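# Structural overview for review
In case you want the letters, here they are:
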Amino acid sequence: MHRHEKLLSNNQAWVRAKLDLDEQYFQRQAEGQSPPFLWIGCADSRVPPDEITGSHAGDLFVHRNIANIVTHSDLNLMSLLEYGILELRVDHIIVCGHTRCGGVKAALGHRKLGILDKWIRNIKDVYHLHRSELEEIGDENTQWDRLVELNVREQLLNVAKTSFVQRRWDEGDFPVLHGWVYHVEDGRLETIVRHTREDPMDPIYRYDFSEPA
Ligand code: CO
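Residues numbered from 1 in each chain as written. Predicted model: local features only at pLDDT ≥ 70, side-chain atom pairs only at ≥ 80, totals over all residues. Heavy atoms only, no water.

## Quick notes on the packing of helix α4 (residues 75-87) against helix α9 (residues 163-171)
Relative placement of two packed helices is described by the angle separating their axes and the distance separating the axes. Where α4 contacts α9, the two axes come as close as 9 Å, and the packing angle between them is 15 degrees. Viewed along their axes, α4 and α9 adopt a mutual orientation that is roughly parallel. The hand of the α4/α9 crossing is right-handed. Of the residues in α9, those in contact with Met-78, Leu-81, Glu-82, Ile-85 and Leu-86 of α4 are Phe-164, Val-165, Arg-167 and Arg-168. Across the contact of α4 with α9, the residue classes break down as 6 nonpolar, no polar and 3 charged. (Axes fitted to C-alpha atoms, helices over the stretch in contact; angles between N-to-C directions. Helix = DSSP H or I, 4+ residues; strand = E, 2+ residues; numbered from the N terminus. Parallel < 35°, antiparallel > 145°, perpendicular 65-115°, else oblique. Left-handed = near helix turned anticlockwise from the far one by under 90°. Contact = heavy atoms within 4.5 Å. Nonpolar A, V, L, I, M, F, W, Y, C, P; charged D, E, K, R; others polar.)

## Here we look at the nonpolar core
One finds Leu-38, Ile-40 and Ile-93 to be the most contacted residues of the largest nonpolar core, which totals 40 residues. Sort the elements by how many residues they give to this core and helix α8 (residues 140-160) lands first, with 8 residues. With residues up to four places along the chain from it excluded, the contact list for Ile-40 reads His-63, Asn-68, Val-70, Leu-77, Leu-81, Ile-93, Ile-94, Val-95, Cys-96 and Val-159. Formed by 6 residues, the second largest nonpolar core is a distinct cluster that contains Trp-39, Ile-94, Cys-96 and Trp-180. (Core = buried A, V, L, I, M, F, W, Y, C linked by side-chain atoms within 4.5 Å. Buried < 20%, exposed > 50% of the residue type's maximum accessible area, 1.4 Å probe, protein only.)

## Let's talk about the sheet that holds strand β5 (residues 189-195)
What the 5 strands build is an open sheet, ordered β2-β1-β3-β4-β5; its pairing is mixed. What marks the edges here is a single partner per strand, and that holds for β2 (60-65) and β5. Taken over all neighbouring pairs, the strand axes of this sheet differ in orientation by 20 degrees on average, direction set aside. This element, α4, spans β1 (37-42), β2 and β3 (92-98) of the sheet and lies at about 165 degrees to β2. (Pairing = 2+ DSSP bridges.)

## Observations concerning the coordination of the cobalt ion
Within the protein, the cobalt ion binds to Cys-42 (SG), His-98 (NE2) and Cys-101 (SG); these donor distances fall in the range 2.1 to 2.3 Å. Mapped onto the sequence, the donors of the cobalt ion take the spacing C-x55-H-x2-C. With Cys-42 in strand β1 and Cys-101 in the loop between β3 and α5 (102-108), this pair connects stretches of sequence that are 59 residues apart. The buried category is assigned to Cys-101, whose relative accessible area is 3%. (Donors = N, O, S within 2.8 Å, 3.2 Å for Na, K, Ca; no water.)

## Brief notes about the environment of Leu-8
With respect to the helices and strands, Leu-8 occurs in helix α1 (residues 3-21). Residues Leu-8 and Arg-188, spaced 180 residues apart in sequence, show a C-alpha to C-alpha distance of 30 Å.

## Some details on the domain arrangement of the chain
Much of the literature gives interface size as the accessible area that the parts lose upon coming together. Per the domain assignment, the segments of the chain are domain 1 (1-32) and domain 2 (36-205). Distance between the C-alpha centres of domain 1 and domain 2: 31 Å. (Domains from an automatic or database assignment.)

## Things to note about a nonpolar patch on the surface
A cluster of nonpolar side chains, contributed by Trp-14, Leu-19 and Phe-26, occupies part of the molecular surface with about 260 Å² of accessible area. Turning to its location among the elements, Leu-19 is positioned in helix α1. (Patch = residues over 30% accessible without salt bridge, like charges linked within 9 Å, V, L, I, M, F, W, Y side chains within 5 Å. Areas by Shrake-Rupley, 256 points an atom, 1.4 Å probe, with all protein chains shown as cover. Salt bridge = Lys/Arg side-chain N within 4 Å of Asp/Glu carboxyl O.)

Here it is in C-alpha cells:
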C-alpha cells in the first residue's frame, strides 16, 4: 500500500467509527458550522490544532501559514477573519506559535530562500522592534524561543488592529484574543498574552464606529 492510500483507508475506518457512535453525526455536520474559536497557527506538521487541544470537527475555524503571521495585505487571512469574526461570530481568537519554528529560525539567519524571504521579512520586523532585548540573550536557542513569543505578541496585536475585531468590540466584550506557544518538546500549550477590548493599543490604530462607513 502506498503512503497516501493509507490516508484514504484511515478515512474509511474513521467514518465507520463515527457512525458506530452516532448514526446522525454527518447529518448534523452537514447542517452548518458555528465554531466558538478562530485559530491562527503555523503550518508546521507537528502542531495539529485539533489534536493538541482535544478539539473536534466544528470547534475550530482555522488558518495556518508559515510562522503564524498576521499581515493586513494577506487577502486569504483577512477574508477568513472578516467571515469568522463578523459572520460566524467567534468568541475567541487564538494566535498560536511554537518552539522550534523553522520560519522563526530562518528570520534569525541570512540565507536567501526565494519568495519565502518576503514572508519571513515580517518576522525580521518583529526582531527589529525588539532588537535590544533579543541581543542581550547570549544563548541561541533561548533567543529563538523568545522571538517565537514576541512574534505571537506582535501577530496578536495585528489581529487587534483589524476593523473586524474593533467592530465587535464596539458592540461588546468579544472576541477575546489569546496568544499561545506550543512546546514541541513536551506538548505543552503556554499562554503568553491575552488581549481584550479594555487593553491599551496605540490610538492611531483605533477605528471610529460612530461615523457611518
Ligand atoms: Co513554525
